[in-house]
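# What the coordinates show
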Amino acid sequence: MRRGPSPISKRIRIISNKFRELLDRNLQKYNLTGVQMEVLCYLKSNSDKEIHQREIEYWFQLKNPTVTGILNRLEEKGYITRRRNPEDGRYRIIEITEKGNQVMEDMGEGARDLDERIYECMTAEEQEKLLELLDRILATMSENDGADAEHQMKMKHHFPDEMEENNIDTNK
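A brief look at the structure comes next. Worth saying up front: this structure is predicted, and the values here are computed from it rather than measured. (Residues numbered from 1 in each chain as written. Predicted model: local features only at pLDDT ≥ 70, side-chain atom pairs only at ≥ 80, totals over all residues. Heavy atoms only, no water.)

Moving on, we get to the overall build of the chain. Each helix and strand in the chain was counted, giving 8 helices and 2 strands. Along the chain, helices and strands appear, N-terminal first, in the series α-α-α-α-β-β-α-α-α-α. Per-residue burial over the chain gives 32% buried out of 172 residues. Contacts in the chain between residues at least 24 apart in sequence constitute 49% of all its contacts with a sequence separation of at least 6. (Helix = DSSP H or I, 4+ residues; strand = E, 2+ residues; numbered from the N terminus. Buried < 20%, exposed > 50% of the residue type's maximum accessible area, 1.4 Å probe, protein only. Contact = heavy atoms within 4.5 Å.)

In structure tokens form, the structure reads like this:
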């Protein structure tokens, strides 16, 4: 009988920790937290829509006071603006600023550099197979949570420019 974590889960956890470490290092340059970056990513990927706070609350499954705090800090840093909805003054439309777009572009470049670093040790076939296996693992682990695992994974784990490059539908 095997004791401790399985070889697969241990490797996935180590890789995840390494990614988090690299991401956190990159986020520190911009004085951002992980969730703030995710909100910017969401706004960028939905820049053709009017986004209200309630949509962010729903998408990230966060409570109103939490999202208010996140948005306040993003606005203070100049990454977003909020303006009243002309059709319904109770709502504010949240938009990413040029500064926010630049951060997302820089972060996307960092993610692409990391991907290239990983892919350097693999053939094209191995890269394709790795992505297929990772998608299968995610789908298997998400089967019982009632969510469309593939869509949730793509929306949560890709930068907006990658979503466009890979023709990922953000309107599902």
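For the pair helix 2 (residues 34–45) and helix 3 (residues 53–60), interaxial distance at closest approach is 11 Å and the crossing angle is 115°. Pair helix 2 / helix 3 crosses with right-handed handedness. Contacts from Glu38, Val39, Tyr42 and Leu43 in helix 2 reach Glu55, Ile56, Trp59 and Phe60 in helix 3. Considered class by class, the residues forming the contact of helix 2 with helix 3 number 6 nonpolar, no polar and 2 charged. (Axes fitted to C-alpha atoms, helices over the stretch in contact; angles between N-to-C directions. Left-handed = near helix turned anticlockwise from the far one by under 90°. Nonpolar A, V, L, I, M, F, W, Y, C, P; charged D, E, K, R; others polar.)

If you check the backbone angles, asparagine 31 has positive phi at about 55° while not being a glycine. Mapping asparagine 31 onto the fold places it in the loop between helix 1 (7–29) and helix 2. A positive phi angle, near 55°, is found at glutamine 61, a position not held by glycine. Counting through the fold element by element, glutamine 61 comes out in the loop between helix 3 and helix 4 (64–76). Judged by its relative accessible area of 62%, glutamine 61 is exposed.

Turning next to the pattern of salt bridges. The tally for this structure, following the rule as stated, stands at 9 salt bridges. Between glutamate 21 and arginine 25 there is a salt bridge; the shortest N-O distance is 3.2 Å. Within this pair, glutamate 21 and its partner arginine 25 are both found in helix 1, separated by 4 residues, close to a single helical turn. The partly exposed category is assigned to glutamate 21, whose relative accessible area is 39%. You can call arginine 25 partly exposed: its relative accessible area is 47%. (Salt bridge = Lys/Arg side-chain N within 4 Å of Asp/Glu carboxyl O.)

Tracing the backbone shows threonine 81 in strand 1 (residues 80–85). According to the relative accessible area criterion, threonine 81 is partly exposed, its value standing at 36%. Separated by 10 residues in the primary sequence, threonine 81 and leucine 71 place their C-alpha atoms 8.9 Å from one another. Sequence-distant contacts of threonine 81, that is, excluding residues within four places in its chain, are made with Glu75, Ile93, Ile94, Glu95 and Thr97.

With 6 bridges joining them, strand 1 and strand 2 (residues 88–96) adopt antiparallel strand pairing. Bridge pairing links isoleucine 80 to isoleucine 96 in strand 2. Hairpin geometry of strand 1 and strand 2 is characterised by an intervening segment of 2 residues between the two adjacent antiparallel strands. (Pairing = 2+ DSSP bridges.)

Structurally, arginine 82 is set in strand 1. Within polar-contact distance, the side chain of arginine 82 engages the side chain of asparagine 72 at 2.5 Å. Polar side-chain contacts of arginine 82 include one of 2.8 Å to the side chain of glutamate 75. With near-sequence residues (within four places) excluded, arginine 82 lies in contact with Gln53, Thr68, Leu71, Asn72, Glu75, Arg92, Ile93 and Ile94. (Polar contact = N/O pair within 3.5 Å; in protein donor to acceptor, adjacent residues only side chain to side chain.)

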